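An overview of the molecular structure
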Amino acid sequence: MNKTLHYGLVLFIIASISASILAFINGKTAPVIAERSKREEIEARKNVLLAEDYKIEEKKEIEGMEFIPAYKNNKKIGYVVKTIGPGYGGDIVILFGVDMNGKITGINILKALETPGLGDKILNKEWQKRWIGKDKNYEFKVGVDSFAGATISPRGVYTGLMKALDAFEKEVK
């Protein structure tokens, strides 16, 4: 019994020290990671809808989606939308541009934990370009919009896009 108590105490001390070290490192790196993610999102806005100004203060939030208006020559040209689609490995965070006619101007996958070599093909810029010009009436086509053996990830992107485009038509536009 004495040995069990001794080993338990040693294990507790090691676990406490390890947890303290991890908490310290997380405290130091979390702000850096958050700042980097914020910069990446700002840069991604320019890639999905080229504008002179993105008015964050005019942002609309609908069902967990963010719609940030984009302006060029003081005229609203569309919105940058942040939405989520259901993926195989968890949520897929999508940032995309939509013009005032409801057509997609570009997309960027901000976060996805999909299967390497299969579902993660949604991160491919060439695949993302296929969505440009699509609107809420677009129908998902297996074999065209998906990849061999992977339909969940591409369909998750499609679901996120269509949900946001529907909200755009009904509540934002």
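Heads up: these notes are all about the structure in this document. Nothing here was measured: the structure is a model prediction, and the numbers come from that model.

A closer look at the layout of surface pockets
Roughly 210 Å³ of volume is contained in the largest pocket. Taken together, Ser37, Glu40, Glu41, Glu43, Ala44, Asn47, Lys82, Val93, Asn108, Leu110 and Lys111 make up the lining of the largest pocket. For the lining of the largest pocket, the element with the highest residue contribution is helix H1 (residues 2–48), accounting for six residues. Grouping the constituent residues of the lining of the largest pocket by class yields three nonpolar, three polar and five charged.

Description of the packing of aromatic side chains
Applying the stated rule across the entire model yields six aromatic pairs. Grouped by ring-pair contacts, the aromatic residues Trp127, Trp131, Tyr138, Phe140, Phe147 and Tyr158 constitute a single cluster. Positioned over the ring face of tyrosine 138 is lysine 134, at 4.9 Å from the centre of the ring.

Quick word on the environment of glutamate 171
Along the chain, the position of glutamate 171 falls in helix H3 (residues 152–172). Expressed as a C-alpha distance, the spacing of glutamate 171 and threonine 29, which sit 142 residues apart in the sequence, is 38 Å. Beyond its immediate sequence surroundings of up to four residues, glutamate 171 is in contact with Ile62 and Glu63.

Description of the pairing of strand S3 (residues 65–72)
Burial of S3 is extensive: seven of the eight residues sit out of reach of the surface. Direction of pairing for strand S1 (residues 53–54) relative to S3: antiparallel, over a ladder of two bridges. Residue pairing in the sheet places aspartate 53 in a bridge with tyrosine 71 of S3. The pairing of strand S2 (residues 60–62) with S3 spans three bridges and is antiparallel. Bridge pairing in S3 places lysine 60 opposite phenylalanine 67.

What counts and how
Residues numbered from 1 in each chain as written. Predicted model: local features only at pLDDT ≥ 70, side-chain atom pairs only at ≥ 80, totals over all residues. Heavy atoms only, no water. 1 Å grid on protein atoms, 1.4 Å probe; cavity = no way out; pocket = protein on both sides within 12 Å on 5 of 7 lines; lining within 4 Å. Points joined across faces, edges and corners; volume = space filled by probe spheres on them. Helix = DSSP H or I, 4+ residues; strand = E, 2+ residues; numbered from the N terminus. Nonpolar A, V, L, I, M, F, W, Y, C, P; charged D, E, K, R; others polar. Phe/Tyr/Trp six-rings, centres within 6.5 Å; stacked < 30°, edge-to-face > 60°. Lys NZ or Arg CZ within 6 Å of the ring centre and 35° of its normal. Contact = heavy atoms within 4.5 Å. Buried < 20%, exposed > 50% of the residue type's maximum accessible area, 1.4 Å probe, protein only. Pairing = 2+ DSSP bridges.

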